[in-house]
Amino acid sequence: EEIFSGRILDADVNSDFGQAAEQFKDRYLPTINHRTTVVILGDGRNNGKHHNAEALEEITQHARQTIWITPEPRWGWTLGSCDMPLYEKVCDRVEVVRTVDQLAGVAEELVKVRA
């Protein structure tokens, strides 16, 4: 409900991960520390807008780890407006997840790492 309410971002517009990273950094960077895992869900397509990998890199420097979960297959990262190659460089981990079972596997791994 929080995501689709429009209070965080407008889910009806094209993706702009650069702007989202900047807004997240501006609002939440002081709360991110070595115990924080940042999880990003999205295809990494900015639709011609600035990637702003610098903001994501700053977030990652403060966090324990940054994990990007994308449905975009790696072969598609070089097509169109996909900036996943840039984001992969600043994330600790990128997972291509296209099914619920794959998502469950990533979630289980995250829980095991924390235990």
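My aim in this report is to walk through the structure given alongside it, one point at a time. Owing to the predicted nature of the structure, the values given are computational and were not obtained by experimental measurement.

## Quick look at the side chain of Lys25
- Tracing the chain through its elements places Lys25 in helix H1 (residues 17-28).
- When near neighbours in sequence (up to four residues on either side) are disregarded, Lys25 contacts Pro30, Ala55, Glu58 and Ile59.

## A closer look at the packing of H1 against helix H2 (residues 53-62)
- For the pair H1 and H2, interaxial distance at closest approach is 8 Å and the crossing angle is 40°. Judged by the inter-axis angle, H1 sits oblique to H2. You can see that H1 and H2 cross each other, and the crossing is left-handed. Mapping the contact onto sequence places Ala21, Glu22, Phe24 and Lys25 in H1 and Ala55, Leu56, Glu58 and Ile59 in H2.
- A per-class count over the contact of H1 with H2 returns 5 nonpolar, no polar and 3 charged.

## As for the pattern of salt bridges
- Applying the stated criterion across every chain, the model contains 6 salt bridges.
- A salt bridge links Lys25 to Glu22; its shortest N-O distance comes to 3.4 Å. Placement of the pair is Lys25 and Glu22 together in helix H1, with a separation of 3 residues, close to one helical turn.
- Note on Glu22: relative accessible area 27%, which makes it partly exposed.
- For Arg45, the salt bridge goes to Glu72, with nearest N and O atoms at 2.9 Å. Of this pair, Arg45 sits in the loop between strand E1 (37-41) and H2 while Glu72 is found in the loop between strand E2 (65-70) and helix H3 (84-90), placing the two residues 27 residues apart along the sequence. The exposure classification of Arg45 matches that of Glu72, with both residues buried.
- One connected set of salt bridges, linked through shared partners, spans Glu22, Lys25 and Glu58.

## Details of unusual backbone geometry
- Despite not being glycine, Asn47 has its phi angle at roughly 55°, a positive value.
- Position of Asn47 relative to the elements: it lies in the loop between E1 and H2.
- The partly exposed category is assigned to Asn47, whose relative accessible area is 37%.
- One non-glycine residue with positive phi stands out, namely Asn52, at about 50°.
- Along the chain, the position of Asn52 falls in the loop between E1 and H2.
- The exposure class of Asn52 is buried, given its relative accessible area of 11%.

## Observations regarding the side chain of Asn52
- Within the local environment of Asn52, its side chain forms a polar contact with the backbone oxygen of Gly18, the two atoms lying 3.2 Å apart.
- Beyond its immediate stretch of four places on either side in the chain, Asn52 contacts Gly18 and Glu22.

## Observations regarding the environment of Leu110
- Tracing the backbone through its elements, the reader meets Leu110 in helix H4 (residues 100-114).
- Counting along the chain gives 77 residues from Leu110 to Asn33, while the straight-line C-alpha distance between them is 17 Å.
- Excluding residues that lie within four positions of it along the chain, Leu110 makes contacts with Gln65, Ile67 and Arg93.

Definitions and cut-offs
Residues numbered from 1 in each chain as written. Predicted model: local features only at pLDDT ≥ 70, side-chain atom pairs only at ≥ 80, totals over all residues. Heavy atoms only, no water. Helix = DSSP H or I, 4+ residues; strand = E, 2+ residues; numbered from the N terminus. Contact = heavy atoms within 4.5 Å. Axes fitted to C-alpha atoms, helices over the stretch in contact; angles between N-to-C directions. Parallel < 35°, antiparallel > 145°, perpendicular 65-115°, else oblique. Left-handed = near helix turned anticlockwise from the far one by under 90°. Nonpolar A, V, L, I, M, F, W, Y, C, P; charged D, E, K, R; others polar. Salt bridge = Lys/Arg side-chain N within 4 Å of Asp/Glu carboxyl O. Buried < 20%, exposed > 50% of the residue type's maximum accessible area, 1.4 Å probe, protein only. Polar contact = N/O pair within 3.5 Å; in protein donor to acceptor, adjacent residues only side chain to side chain.

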